[in-house]
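Take a look at the letters that make up each chain.
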Amino acid sequence: MTRPLLTRPHMHYALAPRTLFFSHYFYTGLRIATGVVGLTFLTYAVADLPTAMAVAMGALCTSLMDLPSPLRHKFNEMLAGVLTCSLVALLVSLCSPVQWLLRTVIVLVSFLASMMTVYGRKAMPLQFVALFVMMLSSDAAATPLQALRQGALFFAGGAGYMTYAMVVVWRLRRRLKQQVLAEALYELAAYTGIKAGCYDMANPLPAQMEKLVRQQSVLAERQQASRDLVLRGKPRDDEAVLVRVHYAMFDLYELVLSTHTDYALLRQHFAGGPVLPLLGDLIGKAARDIESAAYAMTRDRPSHADTDYRPELAALETALRALPPADSDEVNPQAVLRATSNKIRDMIAMIARLHAASGTEGGTLPMAPGSDLTPFLTQQRYNLGTLVANLRWTSPTFRFALRVAMAISVGLLSSEWLPYTSHGYWTALTIAVILKPTFSMTRQRRTDRLVGTLIGCVLTALILRFVHSPAVLIGFLFVATAAGPTFLSIKYRYTAIAASVQALLLIGLTVPHFAGAIEQRLLDTLLGALIASFFSYVLPNWEHQHLPELVDAVTDANRGYIDAAEDLLLERAVDDARYRIQRKRFMDALANLSAALGRMLDEPASQQRAPAELNRFTVQNYLLMAHMAALRLLLQRYADNLPRAEVEATLGHAFARLRGTLGAAQAEPAPLPGSTDRMAAWTGWAPLRRRLRLLQQDAAQVALCHGVIDSALGRADRTGRSPTSHVEWN
């Protein structure tokens, strides 16, 4: 029996000690610490300490751009970081002797750096690095010659680290692909585990559906990261197995998605019996089985299908046989139960194929030669026109840039009134760390920064109190340097602890007799947090302002997905490429809306709009996607004796009414085909009707929620129908 790999449900896999040291997070932290510390000591071996520290700053800032990315993207991102930060360091250093000029440049750099966030999440590290360099360079006045020297050393450190990182990542590129693919498998296991909870009567069904949608958003993000690394470019011979596992993972995901059933009906009729716990146990064991495949992938080993499902399957079969003969009211629940049991068996068989794919060497790849995978991959596009187009008052990025520039200016001015000046830039740096484009992110960063700084200061005080050996202190410094990037995107509070330890240990090593650094760090952080909190309400960017376009994006993606699904099910499409592209687009739109809803719930109550309806709208759209996946697999399962003409007519009628329910302009659907002997003899006819009925019911709920949301957001119902319309499948 496979035992759980994680210490508690839904915990990020990289926070569990057993899996942390095989994750790409730990590898990234170790690579960064080795590069930064190694480059610093290499420079110190041939030069003096100030030179080594200048080079170290260049390497440290560039390391913040060292994120898991395709090699070409990584090169572009790190090169942009080296050039931008070297220019900022030189410009700020040259202006440092003239206070009014320095403050003008600081405001300008703060604004322009924050405008770079218009290019998306990948630009967020570059924005912070530019602000970080600006703070460090403004700490002390420098002559033009000193400024040129510092800029050159900073560039040397950045270029040196970039060269080191690119070589290491190129050498270990297969390992990185394994780790990112394994992370997607871990998230699929978590998603499957939440599915198991749907059969537990102790879990309220609406709350469980919400968890599923949130986890599906996380899963979609990790799957995209896997696509970008595994599918980009022609795979080498030793990478073919990764491609096969990647495709097997998506086939398994569609099977898990298709296991969605009428949970409320099953709970109503089978509560208190052995069937629901057995179904939950089977899916829970499947989740742990997927985890075992992910764990083997991180260890560069093939996984094996050694999980024994036979006891649960035998008990389930016994329980199904023991059910009383179905009367007219019980036929439908028992049919749903047996269909669910069959889909779970299919899922278990697919997990076995996933294990087999991990041990297959050579052979053909699962995609056709010459396939265009561009629509599935993230494209890196940075153009000046996008930035210029956002230089307007209504742009959220423009308002965020103004907010950051004002907050940092106030932070630097406030530090001049403090009784110490040696590290006044910490206040502004805290503002740069905390103040984010959204209120929700700012709030979370503020809490993590304050708690992390307090713990880091206490921890450093204990280290400096009892440890006096420079070699041991350097060891602690290395650990802190590695821990910072390791936990940056999974537990920022740990990163805040590591950053405080790192900064204070550097002071302790370079200025051993400097007193009061820890107290000043705490006060500067507190002041920066207060200023950032105040400015989070200045020119705010509330989530409800963007909800209409996000809701419209989901609606448009939904219609595209329905069209692609109809073409696939009616065999109008040559392959499922368009279906997969539209499904990805639909998943991305749902993930964006779900993330915005989560952020809105962290905002003041006065800025929240229709949260319950939005959550329901997101869940119901997710269920539409699950129904489509189930329809596809249903036709595959019952392919024998399938009455193609009658089924196509039924599906065409259903899709026409589905579009009408969702508000799309459609011609009157053709009448349903009459009952024939072929339809009655086909075993898939009843399951098909049940699935189409659920599909129409959930589509009606989507339409209902959409109407309520339009009203809450002050928009007229644009569908030309009553928002309370309800269409049933007859």
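Rules behind the numbers
- Residues numbered from 1 in each chain as written.
- Predicted model: local features only at pLDDT ≥ 70, side-chain atom pairs only at ≥ 80, totals over all residues.
- Heavy atoms only, no water.
- Helix = DSSP H or I, 4+ residues; strand = E, 2+ residues; numbered from the N terminus.
- Buried < 20%, exposed > 50% of the residue type's maximum accessible area, 1.4 Å probe, protein only.
- Contact = heavy atoms within 4.5 Å.
- Areas by Shrake-Rupley, 256 points an atom, 1.4 Å probe, with all protein chains shown as cover.
- Expected span 1.5 Å × (residues − 1).
- Phe/Tyr/Trp six-rings, centres within 6.5 Å; stacked < 30°, edge-to-face > 60°.
- pLDDT = per-residue confidence, 0-100.
- Axes fitted to C-alpha atoms, helices over the stretch in contact; angles between N-to-C directions.
- Parallel < 35°, antiparallel > 145°, perpendicular 65-115°, else oblique.
- Left-handed = near helix turned anticlockwise from the far one by under 90°.
- Nonpolar A, V, L, I, M, F, W, Y, C, P; charged D, E, K, R; others polar.
- Patch = residues over 30% accessible without salt bridge, like charges linked within 9 Å, V, L, I, M, F, W, Y side chains within 5 Å.
- Salt bridge = Lys/Arg side-chain N within 4 Å of Asp/Glu carboxyl O.

**Some points on the overall build of the protein chain**
When helices and strands are tallied, the protein chain shows 27 helices and zero strands. Per-residue burial over the protein chain gives 55% buried out of 730 residues. Counting only contacts in the protein chain whose residues sit at least 6 apart along the sequence, the fraction spanning at least 24 positions is 81%. On the protein chain, roughly 31,100 Å² of surface is accessible, and the fraction owed to carbon and sulfur atoms is 62%.

**Let's talk about helix α25 (residues 644-661)**
The end-to-end C-alpha distance of α25, which contains 18 residues, comes to 25 Å, matching closely the 26 Å that a straight helix rising 1.5 Å per residue would cover. Listing the buried residues of α25 in full gives E646, V647, T650, L651, H653, A654, F655, A656, L658, R659 and T661. At the C-terminal side of α25, G663 shows a positive phi close to 95°.

**Concerning the environment of A59**
Note on placement: A59 falls in helix α3 (residues 49-63). For the pair A59 and V82, spaced 23 residues apart in sequence, the C-alpha separation works out to 9.0 Å. In this structure, A59 is in contact with V36, L39, G157, G158 and Y161, ignoring residues within four places of it in sequence.

**Points about the packing of aromatic side chains**
Considering all chains together, one arrives at 17 aromatic pairs under this definition. Ring geometry for F534 versus F535: centroids 5.2 Å apart, planes at 90°, classification edge-to-face. Residue class for F535 comes out buried when judged on its relative accessible area of 8%. Look at Y561 and F586: their rings are 5.5 Å apart centre to centre, the planes differ by 35°, and that puts the pair in the tilted class.

**A look at unusual backbone geometry**
Within the chain, E571 stands out as a residue other than glycine whose phi angle is a positive 60°. Assignment of secondary structure puts E571 in the loop between α22 (547-569) and α23 (577-600). Its identity as a non-glycine residue notwithstanding, A610 has a phi of 45°, on the positive side. For A610, the position within the fold is in the loop between α23 and α24 (611-637).

**Section: the confidence of the model for the protein chain**
Interpretation of the predicted coordinates at a detailed level should be avoided for regions scoring low in pLDDT. Looking at the protein chain, the pLDDT average stands at 85 and 89% of residues meet or exceed 70. This model gives residues 1-9 a pLDDT under 50, and the stretch forms 20 contacts once residues within four places in sequence are excluded. For the stretch residues 717-730, pLDDT sits under 50, and the model shows 37 contacts to residues farther than four places along the chain or on other chains.

**Here we look at the packing of helix α2 (residues 24-46) against α3**
Running from amino to carboxyl end, α2 crosses α3 at an angle of 160°, the nearest separation of the two axes being 8 Å. With respect to α3, the element α2 is oriented roughly antiparallel. Judged by the sense of rotation from one axis to the other, the crossing of α2 with α3 is right-handed. In this structure, α2 contributes I32, V36, L39, T40, T43 and Y44 to the contact, and α3 contributes L49, T51, A52, V55, A56, A59, L60 and S63. Classifying every residue of the contact of α2 with α3 by side-chain character gives ten nonpolar, four polar and no charged.

**Here's the deal with the side chain of K343**
Topologically, K343 is positioned in helix α14 (residues 331-358). Non-local contacts of K343, meaning those with residues more than four positions away in its chain, are made with S258, T259, H260, R637 and R691.

**Observations regarding the packing of helix α5 (residues 99-115) against helix α6 (residues 124-137)**
What describes two packed helices is the angle between their axes and the distance between those same axes. Direction vectors running N to C along α5 and α6 enclose 165°, while the axes themselves pass 8 Å from each other. By the angle between their axes, α5 is roughly antiparallel relative to α6. Every pair of crossing elements has a handedness; the one defined by α5 and α6 is right-handed. When α5 is examined against α6, the residues I106, V109, S110, A113 and S114 are found in contact with a partner set consisting of Q127, A130, L131 and M134. Split into classes, the residues belonging to the contact of α5 with α6 amount to six nonpolar, three polar and no charged.

**What to know about the environment of F75**
Within the secondary structure, F75 is located in helix α4 (residues 71-95). Considering only alpha carbons, one finds F75 and M162, 87 residues apart in sequence, at a separation of 8.1 Å. Beyond its immediate sequence surroundings of up to four residues, F75 is in contact with M162 and M166.

**Side note on a nonpolar patch on the surface**
A cluster of nonpolar residues, L454, V458, L462, F466 and L522, forms a patch on the protein surface that exposes about 480 Å² of accessible area. Per-element tally for the nonpolar patch: the top contributor is helix α18 (residues 439-466), with four residues.

**A few points about the environment of L83**
By the element assignment, L83 lies in helix α4. On a C-alpha basis, the gap between L83 and T62 in space is 9.8 Å, while along the polypeptide they are 21 residues apart.

**Concerning the pattern of salt bridges**
Pairs may arise between side chains of opposite charge once their charged atoms sit close together. Scanning all chains against the criterion turns up 31 salt bridges. We note a salt bridge from R632 to E254, for which the minimum N-O separation is 3.0 Å. Here E254 lies in helix α10 (residues 240-258) and R632 lies in helix α24, a separation of 378 residues in the sequence. When its relative accessible area of 15% is taken as the criterion, R632 is described as buried.

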